[in-house]
Amino acid sequence: MCDENPKEVGVTSSSDKLEDENRPAFGNRFLTNQDDVFSHNAWDNVEWDEEQEQHALQAVQKNSTVKMSDEDKAKFKGDADKFWDCFYGVHQNRFFKDRHWLFTEFAELAPNKDIQESRSIFELGCGVGNTILPILKYSTEPNLKVYGCDFSAKAIDIFRNHPEFDEKRCEIFVMDATLENWEVPFEPESQDIIVLIFVLSAIEPGKMKHVAENCYKYLKPGGLVLFRDYGRYDLAQLRFKSGKCLEDNFYVRGDGTMVYFFTQEEVRNLFTGVGFKEEQNVIDRRLQVNRGRMLKMYRVWIQTKYRKPNV
C-alpha cells in the first residue's frame, strides 16, 4: 500500500495538499501587465479567459472519462484510513509549518486579548496540528478550549507528541467524520467554531452532507463553520492521468489518498441545504510561477464561512 510513488509523473500526491495549506494569504499582489508575470513567484485573483477555461474543461474530461473499477473503488474508499496512516508514517512531522495565512483569512481564529468568555473551537481533519498549534501558540484567551480529530491514528500520535501540544487547553482524538454518530468529548450545540481546511475534499461526495449536518448539530446557535478547500480546475485536478478518477471530480492520488474538487455552488448548496446561512463564499484563483523554468501554474481554492442561525 505504501509502495506507490507519490511523485509519479502526472499524478498528484498528498504532499501537494501540504504545499497548498502553507501558501501565503491571497489578495495582496495583482498582475496588471503580462510582461511582469515572471517578476514574482505568485499573483492573486487572476482572471481566466475563455480559452483557458476551455482548456481546463478538456483536461478534466480527458482524465475522468475512464473511471476506476468497482474493485479499486472499494479498496481506496474502504482503506482510506490506512492510506493516510501510511502518508503520515512516511512524512512524520517534517512537513509541519504554521499556516501563516490562517489568521489573515480567518480572523475569527486570530489572537484576541479582549475575549474573556469561554470559547470552544473544533477542527475536523486536524492532521499533525498545522492549524491548532498556531492557535495554541499565539492565543491569549484565558478560557479557550480547542478540540481536534483526524481519520489517521498516526497523525494524532505525531500531533500529541509535538513539543508545543498543550493537553490542558487542547484535546485531540481519532474519529471517522463520515460515521452517523460522532463520538466526541463535547455536547451538541457546544462549539463556537468548526474548522474544515483541506479536509472535506478527502471524503466521498455522497457522505459530505452527513458531515455538514453534524457540524450544524454540534455548533452553538450563532456558531461558525470556516471552510477552505480545492476548487474545480485547480492545477492538481488537471495533472491527474486517466484511470485515477473514482467519480466525477473525485480522484485517487499516487499515494492512495482521495481528493475532490469543488465549485462555489456545490459548497453553498451543501451548507445552506442543512440550515446554515452564508457569510462568505469566494474563489481564490492564484497564479504561481517557476521563474527558473518559466512555467505558469494556476491554482484554485474556495474559501467560505457559514453561520448557524440564532434560535
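Structure's up top.
Everything numeric in this text was worked out from a predicted model, so none of it was measured.

S.K.: What is the right way to read the nonpolar core from this model?
M.R.: Nonpolar side chains tend to gather and get buried jointly when the protein is soluble and globular. The biggest cluster of nonpolar side chains holds 40 residues, and the ones touching the most others in it are Phe122, Leu124, Trp182, Val225 and Phe271. Of all the elements, helix H8 (residues 208-218) adds the most residues to this core, at 5 residues. Residues contacting phenylalanine 122, with those up to four places away along its chain left out, are Tyr147, Gly148, Cys149, Phe173, Met175, Trp182, Phe186, Gln191, Ile193, Ile194 and Val195. Counting residues in hydrophobic clusters, the runner-up holds 34 residues, among them Trp101, Ile135, Phe198 and Cys245.

S.K.: How should I be thinking about the packing of aromatic side chains in this particular structure?
M.R.: Here the distance between the centres and the angle between the planes together describe a pair of aromatic rings. Under the definition given, this model contains 25 aromatic pairs. Considering the side-chain rings of phenylalanine 250 and tyrosine 260, the 6.3 Å spacing of their centres and the 50° angle between planes classify their relative orientation as tilted. Here tyrosine 260 lies in strand E9 (residues 258-260) and phenylalanine 250 lies in strand E8 (residues 250-252), a separation of 10 residues in the sequence. Ring centres of phenylalanine 271 and tyrosine 306 lie 5.1 Å apart, and the angle between their planes is 20°; this geometry places the pair in the stacked category.

S.K.: Sorry, what's going on with the sheet that holds E8 here?
M.R.: The pairing of strands in a sheet happens through backbone hydrogen bonds and is either parallel or antiparallel. Taken together, the 3 strands give an open sheet; going across it, the order is E7-E8-E9, and neighbouring strands pair in antiparallel fashion. The open sheet has two edge strands, strand E7 (245-247) and E9, and neither has a second partner. Each neighbouring strand pair of the sheet contributes to a mean axis angle of 30°, computed without reference to strand direction. Sheet topology places E7 next to E8; 2 bridges connect them, and they run antiparallel. Residue pairing for E8: cysteine 245 is matched across the bridge by tyrosine 251.

S.K.: Is there a simple way to think about the environment of isoleucine 115 in this case?
M.R.: By secondary structure assignment, the location of isoleucine 115 is in the loop between helix H5 (102-105) and strand E2 (119-124). Classification of isoleucine 115 as buried rests on a relative accessible area of 16%. Separated by 29 residues in sequence, isoleucine 115 and leucine 144 place their C-alpha atoms 9.1 Å apart. In this view, isoleucine 115 contacts Glu141 and Pro142; residues no more than four positions away in its chain are not counted.

Reading guide: rules and limits
Residues numbered from 1 in each chain as written. Predicted model: local features only at pLDDT ≥ 70, side-chain atom pairs only at ≥ 80, totals over all residues. Heavy atoms only, no water. Core = buried A, V, L, I, M, F, W, Y, C linked by side-chain atoms within 4.5 Å. Buried < 20%, exposed > 50% of the residue type's maximum accessible area, 1.4 Å probe, protein only. Helix = DSSP H or I, 4+ residues; strand = E, 2+ residues; numbered from the N terminus. Contact = heavy atoms within 4.5 Å. Phe/Tyr/Trp six-rings, centres within 6.5 Å; stacked < 30°, edge-to-face > 60°. Pairing = 2+ DSSP bridges. Axes fitted to C-alpha atoms, helices over the stretch in contact; angles between N-to-C directions.

Read these as geometric descriptors, not functional statements.
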